[in-house]
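What follows is each chain in one-letter form.
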Amino acid sequence: MIKQLGPIAIAFLLSATYANADGQVTYAKHCKGCHVAGVGQAPKPGDQAAWQPRIAKGVDAMVQTVISGKGAMPPKGTCMECDEAALTSAVEWLIAQ
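Residues numbered from 1 in each chain as written. Predicted model: local features only at pLDDT ≥ 70, side-chain atom pairs only at ≥ 80, totals over all residues. Heavy atoms only, no water.

Participant: So what exactly am I meant to see when it comes to the side chain of His 35 here?
Facilitator: Structurally, His 35 can be placed in helix α1 (residues 2-37). Classification of His 35 as buried rests on a relative accessible area of 12%. Setting aside chain neighbours within four positions, we find His 35 in contact with Tyr 27, Ala 42, Pro 43, Lys 44, Pro 45, Trp 51 and Leu 94. (Helix = DSSP H or I, 4+ residues; strand = E, 2+ residues; numbered from the N terminus. Buried < 20%, exposed > 50% of the residue type's maximum accessible area, 1.4 Å probe, protein only. Contact = heavy atoms within 4.5 Å.)

Next comes the structure, spelled out in C-alpha cells:
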C-alpha cells in the first residue's frame, strides 16, 4: 500500500501545481487588466485590506461572485468560456498573491 501512495501523492501534487498554473494563466488573460489597475474598484493583488473581507467569506463565495458578476465586473469577468474550476483556480491564485 505504501508503494501505491507514492504515485498517488505525486499525481495530487502535480494536479495542484497545474491547477495553480492554470489559475495564473486565467488570471493573466482575463482578470489582471482590471485588478492591477483597480478598474471599477476591483481589489488589487496584495491589497490585504481590500481582500480580507472577501477572503473571510471563503473561496466558494468569491467564485460565486465572479460567476454572477459584481459592480463593473460582468458575469465571469471576461472569461465566458471558463468553467467553475477555471474560475476557482484564478481566484485561488489571485488571493495567494
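Structure's up, so let's keep going.
Participant: What should I look at first to understand helix α3 (residues 59-68) in this one?
Facilitator: Residues spaced three or four apart along an α-helix point in a common direction, a consequence of the helix completing one turn every 3.6 residues. Burial in α3 covers these residues: Met 62, Val 63 and Val 66. Angularly, the buried residues of α3 cover 100° about the axis, an arc narrow enough to put them on a single face. Those residues of α3 that are exposed and angled more than 90 degrees off the buried face are Asp 60 and Ser 68. On its buried face, α3 sits against α2 (48-57) and α4 (84-95). Looking at the residues trailing α3, positive phi occurs at Gly 69, about 90°. (Arc of directions from axis to C-beta.)

Participant: I keep staring at the packing of aromatic side chains and nothing clicks. Help me out?
Facilitator: Ring pairs (aromatic) are described by centroid distance and by the angle formed between their planes. For the coordinates displayed, the defined rule picks out one aromatic pair. With a centroid separation of 4.9 Å and an interplanar angle of 35°, the aromatic rings of Tyr 27 and Trp 93 are classed as tilted. Here the residue Tyr 27 occupies a position in helix α1, and Trp 93 occupies one in helix α4, the gap between them amounting to 66 residues. The exposure classification of Tyr 27 matches that of Trp 93, with both residues buried. (Phe/Tyr/Trp six-rings, centres within 6.5 Å; stacked < 30°, edge-to-face > 60°.)

Participant: What should I look at first to understand the state of the cysteines in this one?
Facilitator: On inspection of all chains with the given rule, the structure shows one disulfide. Cys 79 shares a disulfide with Cys 82; S-S distance 1.7 Å. On the sign convention where negative is left-handed, the bridge of Cys 79 and Cys 82, at about 70° about the S-S bond, is right-handed. No difference in accessibility class separates Cys 79 from Cys 82, as the two residues are buried. The closest cysteine sulfur to the non-disulfide-bonded Cys 31 is located on Cys 79, 7.4 Å from its own sulfur. Cysteine Cys 34 is unpaired, with the sulfur of Cys 31 as its nearest cysteine sulfur at 8.7 Å. Judged by its relative accessible area of 37%, Cys 34 falls in the partly exposed class. (Disulfide = S-S within 2.5 Å.)

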